[in-house]
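Chain by chain, the residues:
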Amino acid sequence: MTNAPLHTPSKNALLRNARLIDPEAGTEFLGWLRIENGIIAETGEGARAGGIDCGGACLAPGIVDVGVKVGEPGERHKESFRTAGLAAAAGGVTTMVTRPDTTTPIDTPEVLEFVIRRARDEAIVNVAPMAALTKAREGHEMVEIGFLRDAGAVAFSDGDQVVPNIKVLSRCMTYARSLGAMIVGHPQEPTLSDGSAVTSGKFASLKGLPAVSPMAERMGLERDLALAEMTGVAYHADQISTAAALPALARAKAQGLDVTAGVSIHHLTLNEFDVGDYRTYFKLKPPLRSEDDRQAMVEAVRDGTIDVICSMHTPQDEESKRLPFEAAASGAVGLETLLPAALRLYHSGQLSLPDLFRAMALNPARRFGLPAGQLAEGAPADLILFDPDAPFVLDRATLRSKSKNTPFDLARMQGRVLRTWVSGAQVFEADA
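Rules of the game
Residues numbered from 1 in each chain as written. Predicted model: local features only at pLDDT ≥ 70, side-chain atom pairs only at ≥ 80, totals over all residues. Heavy atoms only, no water. Helix = DSSP H or I, 4+ residues; strand = E, 2+ residues; numbered from the N terminus. Rg over C-alpha atoms; globule rule 2.2 N^0.38 Å. Buried < 20%, exposed > 50% of the residue type's maximum accessible area, 1.4 Å probe, protein only. Contact = heavy atoms within 4.5 Å. Areas by Shrake-Rupley, 256 points an atom, 1.4 Å probe, with all protein chains shown as cover. Lys, Arg positive; Asp, Glu negative; His and termini not counted. Charge placed at Lys NZ, Arg CZ, Asp CG, Glu CD. Axes fitted to C-alpha atoms, helices over the stretch in contact; angles between N-to-C directions. Parallel < 35°, antiparallel > 145°, perpendicular 65-115°, else oblique. Left-handed = near helix turned anticlockwise from the far one by under 90°. Nonpolar A, V, L, I, M, F, W, Y, C, P; charged D, E, K, R; others polar.

Chemist: Give a detailed account of the overall build of the protein chain, specifying residues and quantitative values.
Modeler: The number of helices and strands found in the protein chain is 13 helices and 17 strands. In terms of overall size, the protein chain behaves like a compact globule, its C-alpha atoms giving a radius of gyration of 21 Å where 432 residues would be expected to give roughly 22 Å. Along the three orthogonal principal directions, the C-alpha set of the protein chain runs to about 60 × 50 × 45 Å. Within the protein chain, the fraction of its 432 residues that count as buried is 59%. Taking the contacts inside the protein chain whose residues are at least 6 apart along the sequence as the reference set, 75% of them involve residues at least 24 apart. Total accessible area on the protein chain is roughly 16400 Å²; 50% of this is exposed by carbon and sulfur atoms. Separation between the mean location of the 44 positive side-chain charges and that of the 54 negative ones in the protein chain comes to 2 Å.

Here it is, written out as structure tokens:
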């Protein structure tokens with residue numbers, strides 16, 4: 001493995017004999033792509049002489065991963081911008097949209113400027129930071145949305161901390177709407193969800209674990225959507241995971257509201273039974289759902305009801321995971337496993353490669369106003385070359401993230417990233 005220290009924009013290359021995955025056109029074909037000064041200059045079908053022979057591997061826009069948690073400031077021992085960038089490049093993620101739920105919340109321009117500076121100096125991929133919605137993420141007082149937006153925040157969110165006061169949230173939404181800012185919500189009813197570890201049902205009862213009904217997600221989403229309708233704000237639900245929430249989302253879209261939604265790769269590929277004998281690496285927030293819910297999420301991605309697939313990369317140290325299930329921390333790392341896990345849906349025939357990259361690259365880039373996610377001429381040459389069929393067994397010890405809390409440890413997977421480019425500069429190449 002080799003990694004470039006930092007990318008530079010002035011790069012030229014010709015990539016030929018590649019299977020181009022175009023999520024915008026919904027096509028895939030054998031062809032070539034030329035990079036000039038870090039920009040996609042032209043693409044074409046068929047053969048072309050010279051350049052880098054891609055050997056028939058897939059060439060796609062780099063993944064834009066929404067909701068990545070980096071431990072700076074405050075929890076650098078869990079993940080730094082340097083290690084997150086290395087993991088992202090190895091996983092085909094060329095842009096990380098980062099969360100503000102750090103130990104020192106990103107709720108002032110000064111903290112945001114620190115994050116932007118650290119990301120620029122340390123990460124080898126693009127970083128687009130979100131800022132908190134309320135001060136200290138406590139749900140009481142709105143942050144300076146205008147100043148934070150001017151400082152570089154691409155959206156505003158309190159992460160998985162739901163704002164319980166409807167008047168405060170409506171005030172935040174009204175102000176955000178006036179500035180053209182987007183709010184990212186975590187759709188859960190906070191009282192019902194408090195203290196839960198799994199989804200309610202027979203399995204939860206057998207395991208004796210505190211559970212939450214899937215209706216808590218529907219209730220939280222319907223509240224947020226009603227406020228979005230009232231205020232006209234641009235709203236994105238970070239994770240939808242239950243079939244019960246989908247009708248409300250579909251209705252909001254049919255009404256023409258400016259709303260979108262995401263789903264984590266774990267809720268697309270795992271279900272509640274994977275918790276097994278209290279395996280804490282499978283403890284997530286929201287918790288893993290039923291198989292029927294999982295299948296509904298896949299169908300919602302396919303038909304466009306759900307717009308974005310993300311990793312919800314949440315690094316946790318060993319001490320916080322090696323606890324009884326109820327007490328263990330929630331979350332899993334996902335920057336390096338997002339693509340091979342998503343390819344499970346491709347190999348099962350449920351989603352095509354253009355479908356996957358529409359949800360992992362094109363849609364998140366458009367929603368967050370980023371110039372990425374496409375193979376169009378004039379777009380930044382943020383690209384990944386991958387073999388969708390390469391088999392491997394995941395060993396969490398080899399992950400580049402500082403934290404190793406993945407539910408896919410020792411899982412048989414297919415799909416390896418061969419090379420990654422950011423603005424035309426190669427930032428990752430797999431071992432031969």
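Chemist: Can you explain the environment of R177? Please cite residues and give values.
Modeler: Mapped onto the elements of the fold, R177 is located in helix α4 (residues 166–179). Relative accessible area serves as the criterion here: at 45%, R177 is assigned to the partly exposed category. In the structure, R177 is positioned 116 residues away from P61 in sequence and 30 Å away in space, judged by C-alpha atoms. Contacts of R177, omitting those with residues within four sequence positions, involve T231, G232 and V233.

Chemist: Just give me the short version of the environment of A261, but keep the residues and values in it.
Modeler: Structurally, A261 is set in strand β13 (residues 259–264). With relative accessibility at 0%, the residue A261 sits in the buried group. Considering only alpha carbons, one finds A261 and P247, 14 residues apart in sequence, at a separation of 13 Å. Discounting residues that sit within four places of it in the chain, A261 has contacts with H236, A237, I240, L249, I306, D307 and V308.

Chemist: Please provide a residue-by-residue account of the packing of α4 against helix α7 (residues 215–231), values included.
Modeler: At a minimum axis separation of 9 Å, α4 and α7 run at an interaxial angle of 45°. Viewed along their axes, α4 and α7 adopt a mutual orientation that is oblique. Viewed along their axes, α4 and α7 form a crossing whose handedness is right-handed. For the pair α4 and α7, the contacting residues are I166, L169, S170, M173, T174 and R177 in the first and R223, D224, L227, A228, M230 and T231 in the second. Taken together, the residues that form the contact of α4 with α7 break down as six nonpolar, three polar and three charged.

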